[in-house]
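So the chains spell out like this:
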Amino acid sequence: AMAAERSLAMATCTAPVNIAVIKYWGKRDTDLILPINSSLSVTLHQDQLKTTTTAAASRDFTEDRLWLNGKEADVGHPRVQACLREVRRLARKRRGGSEDTAALSLSYKIHIASENNFPTAAGLASSAAGYACLVSALARLYGVEEELSEVARRGSGSACRSMFGGFVQWQRGERPDGTDSLALQVAPETHWPELRVLVLVVSGEKKPVGSTAGMQTSVETSPLLKHRAEVVVPERLAQMMRHIRERDFEGFGQLAMRDSNQFHATCLDTFPPIFYLTDLSRHIIALAHRYNAHHGHTKVAYTFDAGPNAVIFALADTVAEFVEVLRRSFPPATNGDQFIRGLPMGSAVLSQELVAAVVAEPVPGAVQYILHTKPGPGPQLVDDPSQHLLGADGLP
Ligand code: DP6
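Small disclaimer: the values here were computed from a predicted structure and weren't measured.

## As for the sheet that holds strand E1 (residues 8-16)
The six strands lie next to each other as E8-E7-E9-E6-E1-E17, forming an open sheet whose pairing is mixed. Because the sheet does not close on itself, it has two edges, and the strands there are strand E8 (71-73) and strand E17 (380-381). Pairing geometry for E1 and strand E6 (residues 50-58), over nine bridges, is antiparallel. By the bridge assignment for E6, Thr-14 is matched with Thr-52.

## Looking at the domain arrangement of the chain
Under the domain assignment, the chain is made up of domain 1 (8-189 + 381-387) and domain 2 (195-373). Computed from C-alpha atoms alone, the centre-to-centre distance between domain 1 and domain 2 is 27 Å. Taken residue by residue, the interface counts 30 residues in domain 1 and 43 residues in domain 2. Of the roughly 2900 Å² buried between domain 1 and domain 2 on both sides combined, carbon and sulfur atoms contribute 73%. Where domain 1 packs against domain 2, one counts one salt bridge. Among the ionic pairs, Lys-23 bridges to Asp-305, the shortest N-O distance being 2.6 Å. Linking domain 1 with domain 2 are six residue pairs in polar contact (both at pLDDT 80 or more).

## Digging into the site of the ligand
Taken together, 18 residues sit near the ligand, with Tyr-24, Lys-27, Arg-79, Ser-156 and Ser-158 positioned nearest. Side-chain polar atom of Lys-27 to an oxygen atom of the ligand: 2.6 Å apart, as the coordinates give it. Calculation on the ligand without its partners gives an accessible area of 460 Å², and the protein chains cover 94% of this total. A total of three residues in the shell around the ligand trace back to one element, the largest contributor, which is helix H4 (residues 211-221). Each residue belonging to the shell around the ligand can be placed in one class, and the counts come to seven nonpolar, six polar and five charged. The residue makeup of the shell around the ligand includes at least three contributed by each of domain 1 (8-189 + 381-387) and domain 2 (195-373).

## Looking at the pairing of strand E16 (residues 367-373)
Across the seven residues of E16, six count as buried, placing the element largely inside the fold. Both strand E12 (residues 195-202) and E16 contribute to a ladder of six bridges, which runs antiparallel. Of the residues in E16, the one forming a bridge with Leu-200 is Ile-370. Relative to E16, strand E15 (residues 340-342) runs parallel, the two being bridged by three bridges. Residue pairing across strands places Ile-340 opposite Ile-370, the latter belonging to E16. With helix H9 (residues 352-358) bridging E15 and its parallel neighbour E16, the resulting β-α-β unit is left-handed.

## Topic: the packing of helix H5 (residues 223-245) against helix H6 (residues 249-269)
The contact between H5 and H6 brings their axes to 10 Å, and the two run at 165 degrees. Taken together, the axes of H5 and H6 lie roughly antiparallel to each other. H6 is crossed by H5, and the crossing has left-handed handedness. Within the contact between the two elements, H5 uses Pro-223, Leu-224, Leu-225, Arg-228, Val-232, Arg-236, Gln-239, Met-240, His-243 and Ile-244 and H6 uses Gly-251, Phe-252, Leu-255, Ala-256, Arg-258, Asp-259, Gln-262, Ala-265, Thr-266 and Asp-269. A breakdown of the residues in the contact of H5 with H6 according to their chemical character gives 10 nonpolar, five polar and five charged.

## Some remarks on the side chain of Lys-23
Inspection of the secondary structure puts Lys-23 in the loop between strand E2 (18-22) and strand E3 (27-29). Only 2.7 Å separates the side chain of Lys-23 from the side chain of Thr-303, close enough to count as a polar contact. At a separation of 2.6 Å, a polar atom in the side chain of Lys-23 contacts the side chain of Asp-305.

## Focus: the nonpolar core
Counting residues in each nonpolar core, the largest one holds 63 residues, and the members touching the most others are Leu-198, Val-199, Leu-200, Met-240, Phe-252, Phe-313 and Val-325. For this core, the element with the highest residue contribution is E12, accounting for seven residues. Each of two domains, domain 1 (8-189 + 381-387) and domain 2 (195-373), supplies a minimum of three residues to this core. Discounting residues that sit within four places of it in the chain, Val-199 has contacts with Leu-44, Leu-49, Leu-124, Ala-310, Val-311, Tyr-369, Ile-370 and Leu-371.

## Considering unusual backbone geometry
Cis geometry is found at the peptide bond from Phe-271 to Pro-272, where omega equals -5 degrees. One can find Pro-272 in the loop between H6 and helix H7 (279-295). A positive phi angle, close to 55 degrees, is found at Ile-33, a residue other than glycine. Positive phi outside glycine occurs at Arg-247, with the angle close to 50 degrees. Tracing the backbone shows Arg-247 in the loop between H5 and H6.

## Concerning the sheet that holds E2
With antiparallel pairing, four strands are arranged side by side in an open sheet as E2-E5-E10-E11. Each having just a single partner strand, E2 and strand E11 (183-187) make up the two edges of the open sheet. When the angles between neighbouring strand axes are averaged without regard to direction, this sheet yields 35 degrees. Along the sheet face, H5 touches E2, strand E5 (39-43), strand E10 (167-170) and E11 and points at about 110 degrees away from the line of E2.

Rules of the game
- Residues numbered from 1 in each chain as written.
- Predicted model: local features only at pLDDT ≥ 70, side-chain atom pairs only at ≥ 80, totals over all residues.
- Heavy atoms only, no water.
- Pairing = 2+ DSSP bridges.
- Helix = DSSP H or I, 4+ residues; strand = E, 2+ residues; numbered from the N terminus.
- Domains from an automatic or database assignment.
- Contact = heavy atoms within 4.5 Å.
- Buried area = accessible area lost by both parts, 1.4 Å probe.
- Salt bridge = Lys/Arg side-chain N within 4 Å of Asp/Glu carboxyl O.
- Polar contact = N/O pair within 3.5 Å; in protein donor to acceptor, adjacent residues only side chain to side chain.
- Near = heavy atom within 4 Å.
- Areas by Shrake-Rupley, 256 points an atom, 1.4 Å probe, with all protein chains shown as cover.
- Nonpolar A, V, L, I, M, F, W, Y, C, P; charged D, E, K, R; others polar.
- Buried < 20%, exposed > 50% of the residue type's maximum accessible area, 1.4 Å probe, protein only.
- Right-handed = clockwise from strand over helix to strand, strands pointing away.
- Axes fitted to C-alpha atoms, helices over the stretch in contact; angles between N-to-C directions.
- Parallel < 35°, antiparallel > 145°, perpendicular 65-115°, else oblique.
- Left-handed = near helix turned anticlockwise from the far one by under 90°.
- Core = buried A, V, L, I, M, F, W, Y, C linked by side-chain atoms within 4.5 Å.

Here it is as structure tokens:
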């Protein structure tokens, strides 16, 4: 327990990125961040992609402060403030309203430092991992052990799903106050040991329309999104849960691709339309379909969020061959040294038939690098004090 007589209390956590296979797009309450449909995601392993956050409280701090990747940022951001307020509310509730003098004072100012183990410029900078990590670190600091996905949701909708490992559902909930709009683990990361994920980091991207603004325009203008939320997603969610339970890659992959495509169709149905898919995205989509057609079944599945990077799902025995297909299709611009990153993988020799049927005109340099990862666990507490992102003076 953190004693108030201590001048400085500190907690550090890490949290993962997640990639949705049934997409969240659209809010019914923009303040509470309540979605129009449930969604389902795979939590990615923190060895490859993670955020680390240290939260500190001290009677000596004169103001709340926040640093993101070493640079001071606006701690007054409404979503950061919402998370802070909610964690403190839970802490107060836990203490039963009594002013427990042994507990860390809720009136102390706080310092927060957060950083990612991946390049920010890569367009992987995930608000999901960031807010899941912020909420985890604050909860630890204040000794809160309650359900926290509801709090992370206030930072970013998709962040609530990063509060668990493996396969995670965010159930939309029915109540206007959002108390039933929570994340639930569908299966742990150990459930499907052969599942692998390739993140194709695309070169030279420009900043597209942000999710928050984009989805609001979609809610206001897209009849397809309304149909999707009311009719399509409820059916797909049940199907996707079954595919995951049965470790059915054919079903899982097909549905992940269809749902990504429908999300991007709702973007096109938005007025004015929003374009997240690029020529390169379409090139990758066509390549995946040619590859699957060549093999006669679903060996790889793509999904795209509100940006140009592609995420590919495959089973472990397919990764080396498909990565070789990618390398032939998007030859690395430089010597290809760091083209494949993350988990180790074997090598594969492609047959003439495969190359002829699948590899089209190469587009050199289009893919910057490929990150090989897999499903992983939820937020972790970092015990080692040398890992804190803030020093004994409370500064980075
Ligand atoms: C396309 O969670 O970033 O990645 O709730 O406004 O912060 P806010 O939006 P955000 O939206 C994510 C949209 C998506 C699909 C998904 O992750 O489900």
